[in-house]
Amino acid sequence: MADVPENAPEHCPGTGSEEAGKTSACAGCPNQIICASSKPKEADPAVDQIKVRLLSVQHKILVLSGKGGVGKSTFSVCLARALSRNLETANKQVAVLDVDICGPSVPTMLGLAGEQVHQSGSGWSPVYADENLAVMSVGFLLNSPDDAVIWRGPKKNTMIKNFLRDVDWGDLEYLVVDTPPGTSDEHLSVVTYLAKAGIDGAVIVTTPQEISLQDVRKEISFCRKVNVPILGVVENMAGFVCPKCKVESAIFPPSTGGAEKMCQDLNLTLLGRIPLDPLIGRCCDEGKNFLDEIPQSRATQALIAAADKIKEACELAKRGTEENTHSHSNGVHY
(Lines give C-alpha, C1' and ligand atoms only; values in the text may rest on other atoms or scores of the structure.)
Protein backbone atom coordinates (compact mmCIF):
# COMPACT_ATOMS: atom_id res chain seq x y z
CA MET A 1 0.00 0.00 0.00
CA ALA A 2 1.15 3.51 -0.73
CA ASP A 3 1.59 6.08 2.06
CA VAL A 4 -1.28 8.48 2.71
CA PRO A 5 -0.44 11.93 4.17
CA GLU A 6 -2.21 12.93 7.37
CA ASN A 7 -3.87 15.92 5.68
CA ALA A 8 -5.04 13.91 2.68
CA PRO A 9 -8.75 13.72 1.80
CA GLU A 10 -10.83 10.56 1.99
CA HIS A 11 -10.14 7.99 -0.76
CA CYS A 12 -6.59 9.30 -1.30
CA PRO A 13 -4.83 6.80 -3.62
CA GLY A 14 -1.53 7.33 -1.78
CA THR A 15 1.63 9.19 -2.71
CA GLY A 16 3.19 6.12 -4.31
CA SER A 17 0.25 5.30 -6.55
CA GLU A 18 0.34 5.94 -10.29
CA GLU A 19 -2.96 7.79 -9.77
CA ALA A 20 -1.45 10.16 -7.18
CA GLY A 21 -2.61 13.72 -7.85
CA LYS A 22 -4.77 12.64 -10.79
CA THR A 23 -8.02 11.23 -9.40
CA SER A 24 -11.16 13.10 -8.41
CA ALA A 25 -10.31 12.39 -4.76
CA CYS A 26 -7.20 14.56 -5.19
CA ALA A 27 -9.16 17.69 -6.05
CA GLY A 28 -8.53 20.37 -3.46
CA CYS A 29 -5.82 18.42 -1.68
CA PRO A 30 -2.85 20.64 -0.68
CA ASN A 31 -0.49 17.89 -1.89
CA GLN A 32 -2.04 17.49 -5.34
CA ILE A 33 0.58 19.43 -7.34
CA ILE A 34 3.47 17.70 -5.57
CA CYS A 35 1.97 14.24 -6.06
CA ALA A 36 1.13 14.81 -9.70
CA SER A 37 4.63 16.03 -10.54
CA SER A 38 6.57 13.45 -8.54
CA LYS A 39 8.49 10.62 -10.12
CA PRO A 40 7.02 7.11 -9.74
CA LYS A 41 7.81 5.59 -6.38
CA GLU A 42 10.55 2.99 -6.39
CA ALA A 43 9.74 -0.59 -5.43
CA ASP A 44 9.65 -1.24 -1.71
CA PRO A 45 12.98 -2.84 -0.72
CA ALA A 46 11.06 -4.90 1.85
CA VAL A 47 9.88 -7.21 -0.96
CA ASP A 48 13.45 -8.42 -1.53
CA GLN A 49 14.18 -8.48 2.19
CA ILE A 50 11.14 -10.68 2.79
CA LYS A 51 12.21 -13.00 -0.01
CA VAL A 52 15.53 -13.53 1.77
CA ARG A 53 13.88 -13.92 5.19
CA LEU A 54 11.49 -16.59 3.90
CA LEU A 55 14.00 -18.64 1.90
CA SER A 56 13.78 -21.29 4.61
CA VAL A 57 9.98 -21.51 4.35
CA GLN A 58 9.01 -24.32 1.99
CA HIS A 59 5.29 -23.61 1.52
CA LYS A 60 3.20 -20.48 2.02
CA ILE A 61 -0.58 -20.85 2.19
CA LEU A 62 -3.14 -18.03 2.35
CA VAL A 63 -6.48 -18.81 4.01
CA LEU A 64 -9.14 -16.48 2.61
CA SER A 65 -12.88 -15.94 2.83
CA GLY A 66 -15.13 -13.44 1.20
CA LYS A 67 -17.62 -13.49 4.06
CA GLY A 68 -16.96 -13.06 7.78
CA GLY A 69 -18.23 -15.69 10.21
CA VAL A 70 -17.61 -18.72 7.98
CA GLY A 71 -15.01 -20.24 10.32
CA LYS A 72 -11.90 -19.18 8.40
CA SER A 73 -9.70 -18.64 11.46
CA THR A 74 -11.00 -21.87 12.99
CA PHE A 75 -10.03 -23.70 9.82
CA SER A 76 -6.62 -21.99 9.73
CA VAL A 77 -5.89 -23.18 13.26
CA CYS A 78 -7.12 -26.72 12.59
CA LEU A 79 -5.12 -26.84 9.35
CA ALA A 80 -1.96 -25.78 11.17
CA ARG A 81 -2.64 -28.35 13.90
CA ALA A 82 -3.10 -31.11 11.32
CA LEU A 83 0.03 -30.16 9.36
CA SER A 84 2.18 -29.88 12.49
CA ARG A 85 0.93 -33.20 13.84
CA ASN A 86 1.92 -34.98 10.63
CA LEU A 87 5.39 -33.39 10.76
CA GLU A 88 6.05 -33.90 14.48
CA THR A 89 8.19 -37.03 14.04
CA ALA A 90 10.13 -35.42 11.17
CA ASN A 91 11.16 -32.50 13.41
CA LYS A 92 9.69 -30.00 10.95
CA GLN A 93 7.99 -26.73 11.85
CA VAL A 94 4.67 -25.11 10.97
CA ALA A 95 3.70 -21.49 11.67
CA VAL A 96 0.50 -19.44 11.65
CA LEU A 97 0.67 -15.74 10.78
CA ASP A 98 -2.50 -13.95 11.88
CA VAL A 99 -2.94 -10.83 9.74
CA ASP A 100 -6.51 -10.22 10.83
CA ILE A 101 -5.29 -6.99 12.42
CA CYS A 102 -8.62 -5.82 13.80
CA GLY A 103 -9.87 -9.24 14.95
CA PRO A 104 -6.89 -11.36 16.01
CA SER A 105 -8.51 -14.54 17.35
CA VAL A 106 -5.73 -17.04 16.62
CA PRO A 107 -3.91 -16.59 19.98
CA THR A 108 -7.05 -17.54 21.91
CA MET A 109 -7.80 -20.50 19.65
CA LEU A 110 -4.29 -21.87 20.17
CA GLY A 111 -4.31 -21.33 23.94
CA LEU A 112 -1.85 -18.44 23.79
CA ALA A 113 -3.97 -15.54 25.09
CA GLY A 114 -1.85 -13.23 27.23
CA GLU A 115 1.47 -14.32 25.72
CA GLN A 116 3.96 -11.69 24.54
CA VAL A 117 6.43 -11.39 21.71
CA HIS A 118 10.13 -11.16 22.55
CA GLN A 119 12.89 -9.48 20.57
CA SER A 120 16.15 -11.22 19.79
CA GLY A 121 19.19 -10.39 17.72
CA SER A 122 17.63 -12.12 14.72
CA GLY A 123 14.23 -10.43 15.00
CA TRP A 124 10.91 -10.98 16.75
CA SER A 125 10.56 -14.46 18.23
CA PRO A 126 7.21 -16.13 17.49
CA VAL A 127 5.16 -17.68 20.28
CA TYR A 128 4.90 -21.49 20.30
CA ALA A 129 1.64 -23.38 20.77
CA ASP A 130 3.47 -26.70 20.47
CA GLU A 131 7.08 -27.67 19.96
CA ASN A 132 6.70 -27.41 16.20
CA LEU A 133 3.84 -24.89 15.87
CA ALA A 134 4.81 -21.20 15.94
CA VAL A 135 2.39 -18.25 15.96
CA MET A 136 2.59 -14.51 15.32
CA SER A 137 -0.33 -12.14 15.76
CA VAL A 138 -1.04 -8.53 16.60
CA GLY A 139 -2.98 -10.00 19.51
CA PHE A 140 0.35 -10.53 21.28
CA LEU A 141 1.08 -6.81 21.05
CA LEU A 142 -2.10 -5.54 22.73
CA ASN A 143 -2.25 -4.54 26.39
CA SER A 144 -5.67 -6.15 26.69
CA PRO A 145 -7.62 -8.56 24.47
CA ASP A 146 -10.47 -6.04 24.61
CA ASP A 147 -8.36 -3.22 23.09
CA ALA A 148 -9.63 -2.08 19.69
CA VAL A 149 -7.14 -1.79 16.84
CA ILE A 150 -8.18 1.40 15.03
CA TRP A 151 -5.71 1.66 12.17
CA ARG A 152 -5.87 2.98 8.64
CA GLY A 153 -4.46 1.02 5.72
CA PRO A 154 -0.85 2.30 5.82
CA LYS A 155 -0.36 1.27 9.44
CA LYS A 156 -1.83 -2.18 8.79
CA ASN A 157 0.51 -2.45 5.81
CA THR A 158 3.54 -1.63 7.97
CA MET A 159 2.58 -4.21 10.59
CA ILE A 160 2.19 -6.95 7.97
CA LYS A 161 5.55 -5.98 6.46
CA ASN A 162 7.14 -6.23 9.90
CA PHE A 163 5.58 -9.63 10.54
CA LEU A 164 6.95 -11.03 7.27
CA ARG A 165 10.35 -9.31 7.34
CA ASP A 166 11.26 -9.06 11.02
CA VAL A 167 9.98 -12.30 12.58
CA ASP A 168 12.60 -15.01 13.01
CA TRP A 169 10.52 -17.77 11.47
CA GLY A 170 13.40 -20.23 11.18
CA ASP A 171 13.07 -23.34 9.02
CA LEU A 172 9.39 -23.93 8.24
CA GLU A 173 7.66 -26.55 6.19
CA TYR A 174 4.41 -24.53 6.10
CA LEU A 175 3.48 -20.92 6.82
CA VAL A 176 -0.30 -20.57 7.10
CA VAL A 177 -1.44 -16.95 6.73
CA ASP A 178 -4.86 -16.30 8.26
CA THR A 179 -6.42 -13.21 6.68
CA PRO A 180 -9.53 -11.14 7.51
CA PRO A 181 -12.67 -11.38 5.35
CA GLY A 182 -12.78 -9.45 2.09
CA THR A 183 -10.31 -8.22 -0.50
CA SER A 184 -8.81 -5.10 1.00
CA ASP A 185 -5.67 -3.64 2.58
CA GLU A 186 -4.41 -6.73 4.40
CA HIS A 187 -4.82 -8.97 1.37
CA LEU A 188 -3.09 -6.56 -0.99
CA SER A 189 -0.23 -6.11 1.47
CA VAL A 190 0.35 -9.84 1.87
CA VAL A 191 0.25 -10.48 -1.87
CA THR A 192 2.57 -7.53 -2.59
CA TYR A 193 5.17 -8.44 0.02
CA LEU A 194 5.18 -12.13 -0.92
CA ALA A 195 5.46 -11.39 -4.63
CA LYS A 196 9.08 -12.55 -4.82
CA ALA A 197 9.02 -15.00 -1.92
CA GLY A 198 6.23 -16.88 -3.68
CA ILE A 199 2.82 -18.15 -2.57
CA ASP A 200 1.88 -21.79 -3.09
CA GLY A 201 -1.74 -20.81 -3.22
CA ALA A 202 -4.91 -19.83 -1.42
CA VAL A 203 -7.44 -21.96 0.42
CA ILE A 204 -10.86 -20.31 0.29
CA VAL A 205 -13.37 -21.04 3.06
CA THR A 206 -17.12 -20.73 2.61
CA THR A 207 -20.37 -21.99 4.03
CA PRO A 208 -23.03 -23.67 1.84
CA GLN A 209 -25.58 -20.88 1.48
CA GLU A 210 -25.67 -18.54 -1.50
CA ILE A 211 -25.17 -15.36 0.56
CA SER A 212 -21.70 -16.66 1.48
CA LEU A 213 -20.91 -17.96 -2.00
CA GLN A 214 -21.60 -14.53 -3.48
CA ASP A 215 -18.71 -13.04 -1.55
CA VAL A 216 -16.51 -16.07 -2.11
CA ARG A 217 -16.82 -15.57 -5.86
CA LYS A 218 -15.40 -12.07 -5.32
CA GLU A 219 -12.50 -13.62 -3.41
CA ILE A 220 -11.87 -16.01 -6.28
CA SER A 221 -11.93 -13.07 -8.69
CA PHE A 222 -9.41 -11.26 -6.46
CA CYS A 223 -7.03 -14.23 -6.51
CA ARG A 224 -7.18 -14.46 -10.28
CA LYS A 225 -6.62 -10.73 -10.74
CA VAL A 226 -3.52 -10.69 -8.50
CA ASN A 227 -2.23 -14.03 -9.83
CA VAL A 228 -2.52 -16.01 -6.61
CA PRO A 229 -3.11 -19.73 -7.38
CA ILE A 230 -6.16 -21.25 -5.72
CA LEU A 231 -5.43 -24.59 -4.06
CA GLY A 232 -9.11 -25.21 -3.52
CA VAL A 233 -12.28 -24.46 -1.58
CA VAL A 234 -13.38 -25.75 1.83
CA GLU A 235 -17.08 -25.82 2.62
CA ASN A 236 -17.40 -25.28 6.36
CA MET A 237 -20.50 -25.89 8.50
CA ALA A 238 -21.69 -28.38 5.87
CA GLY A 239 -24.47 -30.08 7.80
CA PHE A 240 -24.92 -30.96 11.46
CA VAL A 241 -24.88 -34.54 12.70
CA CYS A 242 -26.87 -35.03 15.90
CA PRO A 243 -24.54 -36.67 18.46
CA LYS A 244 -27.45 -38.79 19.77
CA CYS A 245 -29.57 -39.92 16.82
CA LYS A 246 -26.81 -39.45 14.18
CA VAL A 247 -29.29 -37.81 11.77
CA GLU A 248 -27.70 -35.08 9.61
CA SER A 249 -29.46 -31.74 9.20
CA ALA A 250 -28.62 -28.88 6.82
CA ILE A 251 -28.30 -25.84 9.06
CA PHE A 252 -27.29 -23.72 6.05
CA PRO A 253 -29.12 -25.23 3.06
CA PRO A 254 -27.12 -25.05 -0.20
CA SER A 255 -29.91 -23.36 -2.15
CA THR A 256 -27.76 -22.94 -5.27
CA GLY A 257 -25.76 -26.16 -5.00
CA GLY A 258 -23.25 -25.05 -2.39
CA ALA A 259 -19.48 -25.07 -2.78
CA GLU A 260 -19.55 -28.23 -4.89
CA LYS A 261 -21.61 -26.61 -7.66
CA MET A 262 -19.53 -23.41 -7.47
CA CYS A 263 -16.30 -25.39 -7.83
CA GLN A 264 -17.69 -27.20 -10.85
CA ASP A 265 -18.72 -23.92 -12.47
CA LEU A 266 -15.37 -22.20 -11.77
CA ASN A 267 -13.11 -25.22 -12.36
CA LEU A 268 -11.84 -25.35 -8.78
CA THR A 269 -11.06 -28.21 -6.40
CA LEU A 270 -13.39 -28.89 -3.49
CA LEU A 271 -10.96 -29.78 -0.73
CA GLY A 272 -13.57 -30.95 1.72
CA ARG A 273 -16.90 -30.45 3.50
CA ILE A 274 -16.51 -29.87 7.24
CA PRO A 275 -19.65 -30.64 9.29
CA LEU A 276 -20.73 -28.53 12.23
CA ASP A 277 -19.57 -29.82 15.60
CA PRO A 278 -20.28 -27.72 18.72
CA LEU A 279 -17.12 -29.11 20.32
CA ILE A 280 -14.97 -27.27 17.75
CA GLY A 281 -16.19 -23.97 19.17
CA ARG A 282 -15.64 -25.12 22.73
CA CYS A 283 -12.09 -26.29 21.97
CA CYS A 284 -11.27 -22.99 20.25
CA ASP A 285 -12.64 -21.00 23.20
CA GLU A 286 -10.51 -23.05 25.59
CA GLY A 287 -7.42 -23.12 23.36
CA LYS A 288 -7.49 -26.91 23.05
CA ASN A 289 -6.58 -29.07 20.05
CA PHE A 290 -9.91 -30.30 18.65
CA LEU A 291 -8.20 -32.94 16.50
CA ASP A 292 -6.69 -34.59 19.57
CA GLU A 293 -9.57 -33.93 21.95
CA ILE A 294 -12.31 -35.40 19.71
CA PRO A 295 -10.52 -37.75 17.27
CA GLN A 296 -13.68 -39.76 16.49
CA SER A 297 -15.64 -36.72 15.25
CA ARG A 298 -16.61 -36.61 11.59
CA ALA A 299 -15.38 -33.02 11.59
CA THR A 300 -11.92 -34.19 12.72
CA GLN A 301 -11.79 -36.75 9.93
CA ALA A 302 -12.92 -34.16 7.37
CA LEU A 303 -10.34 -31.60 8.58
CA ILE A 304 -7.49 -34.11 8.39
CA ALA A 305 -8.58 -35.21 4.92
CA ALA A 306 -8.70 -31.57 3.75
CA ALA A 307 -5.23 -30.94 5.20
CA ASP A 308 -3.88 -33.95 3.30
CA LYS A 309 -5.32 -32.60 0.04
CA ILE A 310 -3.75 -29.20 0.72
CA LYS A 311 -0.36 -30.86 1.30
CA GLU A 312 -0.68 -32.66 -2.04
CA ALA A 313 -1.66 -29.42 -3.80
CA CYS A 314 1.36 -27.63 -2.29
CA GLU A 315 3.71 -30.37 -3.48
CA LEU A 316 2.23 -30.18 -6.98
CA ALA A 317 2.63 -26.38 -6.97
CA LYS A 318 6.24 -26.69 -5.85
CA ARG A 319 7.08 -29.24 -8.53
CA GLY A 320 5.45 -27.05 -11.16
CA THR A 321 7.51 -24.05 -10.05
CA GLU A 322 10.73 -26.06 -10.08
CA GLU A 323 10.00 -27.43 -13.55
CA ASN A 324 9.29 -23.94 -14.91
CA THR A 325 12.50 -22.61 -13.36
CA HIS A 326 14.49 -25.50 -14.83
CA SER A 327 12.93 -25.02 -18.28
CA HIS A 328 13.68 -21.28 -18.34
CA SER A 329 17.24 -21.83 -17.12
CA ASN A 330 17.78 -24.14 -20.10
CA GLY A 331 16.27 -21.65 -22.51
CA VAL A 332 13.08 -23.65 -23.03
CA HIS A 333 9.92 -21.50 -23.15
CA TYR A 334 6.35 -22.60 -23.56
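Whatever comes next refers back to the structure up there.
Below, the structure is looked at part by part. Along each chain, the written sequence defines residue order, and numbers are assigned to residues from 1. Restriction of local features to residues with pLDDT of at least 70 applies here, the model being predicted, together with a cutoff of 80 or more for giving and counting side-chain atom pairs; totals for whole chains, interfaces and linings are based on all residues. The side-chain values count all of the structure's non-hydrogen atoms but skip hydrogen atoms and water molecules.

## Some details on the overall build of the protein chain
The test is simple: A run of H or I in DSSP becomes a helix once it reaches four residues, and a run of E becomes a strand once it reaches two; helices and strands are each numbered from the N terminus. For every residue, the accessible area (1.4 Å probe, protein chains only) is compared with the maximum for its type, and the residue is labelled buried under 20%, exposed over 50%, or partly exposed between those bounds. The contact rule is simple, with two residues in contact once any of their heavy atoms fall within 4.5 Å. Using a 1.4 Å probe, accessible areas were evaluated by the Shrake-Rupley method; residue-level cover was limited to the displayed protein chains.
Helices and strands together make up the secondary structure of the protein chain, namely 11 helices and 11 strands. Residues classed as buried in the protein chain amount to 47% of the 334 residues present. In the protein chain, the proportion of contacts linking residues at least 24 apart, taken out of those at least 6 apart, comes to 75%. Entry remark: accessible area of the protein chain is about 16800 Å², with carbon and sulfur atoms responsible for 50%.

## Brief notes about the side chain of Ser76
With respect to the helices and strands, the residue Ser76 is situated in helix H3 (residues 72-87). Residue Ser76 is classed as buried on the basis of its relative accessible area, which comes to 0%. In this view, Ser76 contacts Val63, Val176 and Asp178; residues no more than four positions away in its chain are not counted.

## Here we look at the pattern of salt bridges
Heads up, the condition is: Salt bridges are counted wherever a side-chain nitrogen of Lys or Arg sits within 4 Å of a carboxyl oxygen of Asp or Glu.
Summed over all chains, the structure comprises 15 salt bridges. In this structure, Arg53 engages Asp168 in a salt bridge whose closest nitrogen and oxygen atoms are separated by 3.8 Å. Here Arg53 is found in helix H2 (residues 46-53), whereas its partner Asp168 is found in the loop between helix H5 (153-166) and strand S7 (172-178), with 115 residues between them in sequence. For Arg53, a relative accessible area of 24% translates into the label partly exposed. The salt bridge partner of Asp215 is Lys67, with a shortest N-O separation of 2.9 Å. Taken together, the positions of Asp215 in helix H7 (residues 210-225) and Lys67 in the loop between strand S1 (57-64) and H3 put the pair 148 residues apart, joining distant regions of the chain. When its relative accessible area of 18% is taken as the criterion, Asp215 is described as buried. On the basis of relative accessible area, Lys67 is assigned to the partly exposed category, the value being 27%. Several salt bridges converge on common partners, so that one network encompasses Lys67, Asp215 and Lys218.

## Details of the environment of Glu186
Inspection of the secondary structure assignment puts Glu186 in helix H6 (residues 185-193). Assessed through its relative accessible area of 6%, Glu186 is described here as buried. Along the primary structure Glu186 and Gly153 are separated by 33 residues, whereas in three dimensions their C-alpha atoms are 7.9 Å apart.

## Remarks on the packing of H7 against helix H8 (residues 258-266)
Quick note on the threshold: The axes are straight lines fitted to the C-alpha atoms, using for helices just the contacting stretch, and the angles between their N-to-C directions are given from 0 to 180°. Each crossing gets its handedness from the near helix: less than a right angle anticlockwise from the far helix is left-handed, clockwise is right-handed. Any residue that is not Ala, Val, Leu, Ile, Met, Phe, Trp, Tyr, Cys, Pro, Asp, Glu, Lys or Arg is counted as polar, Gly included; the first ten are nonpolar and the last four charged.
It is at 11 Å that the axes of H7 and H8 come closest, and there the two elements cross at 35°. As for how H7 packs across H8, the hand of that crossing is right-handed. Along the contact surface, H7 presents Leu213, Val216, Arg217, Ile220 and Arg224, while H8 presents Gly258, Ala259, Met262 and Leu266. Here the contact of H7 with H8 is built from residues that sort into six nonpolar, one polar and two charged.

## Remarks on helix H9 (residues 278-286)
This is how it is decided: The arc in question is traced by the directions running from the helix axis to the C-beta atoms. Polar contacts here mean pairs of N or O atoms no more than 3.5 Å apart (in protein, one a potential hydrogen donor and the other a potential acceptor; neighbouring residues in sequence count only if both atoms are side-chain atoms).
Those residues of H9 lying buried are Ile280, Cys283 and Cys284. Taken end-on, H9 shows its buried residues confined to a sector of 100°, consistent with a single buried face. In this structure, H9 carries Pro278, Arg282 and Asp285 as exposed residues pointing more than 90 degrees from its buried face. You can read the cap of H9 off the contacts: a side-chain oxygen lies 2.9 Å from the backbone nitrogen of Leu279, and it is on Asp277. Directly beyond the C-terminal end of H9, a positive phi value near 70° is found at Gly287.

## Considerations on the pairing of strand S6 (residues 133-137)
Note the following rule: Following DSSP output, two strands are said to pair if at least two bridges run between them.
Extensive coverage of S6 is indicated by the burial of five of its five residues. Here S6 shows no split at all, with Leu133, Val135 and Ser137 on one side and Ala134 and Met136 on the other all buried. In terms of strand pairing, strand S2 (residues 94-98) meets S6 through five bridges, oriented parallel. Within S6, the residue paired with Ala95 across the bridge is Ala134. Bridge analysis of strand S5 (residues 127-130) against S6 gives three bridges, and the strand direction is antiparallel. For Tyr128, the partnering residue across the bridge sits in S6 and is Ala134. Taking the residues between adjacent antiparallel strands as the criterion, S5 and S6 are bridged by two residues.

## A look at H2
Taken together, the buried positions of H2 are occupied by Ala46, Val47 and Ile50. Relative to the axis of H2, the buried residues are bounded by an arc of 105° and lie together on one face. In this structure, the buried residues of H2 make contact with H5 and H6.

## Notes on the environment of Pro180
Note on placement: Pro180 falls in the loop between S7 and H6. Between the alpha carbons of Pro180 and Pro104 there is a distance of 8.9 Å; along the sequence they are 76 residues apart. Each residue touching Pro180, except ones within four places of it in the same chain, is listed here: Ser65, Lys72, Val99, Asp100, Glu186 and His187.

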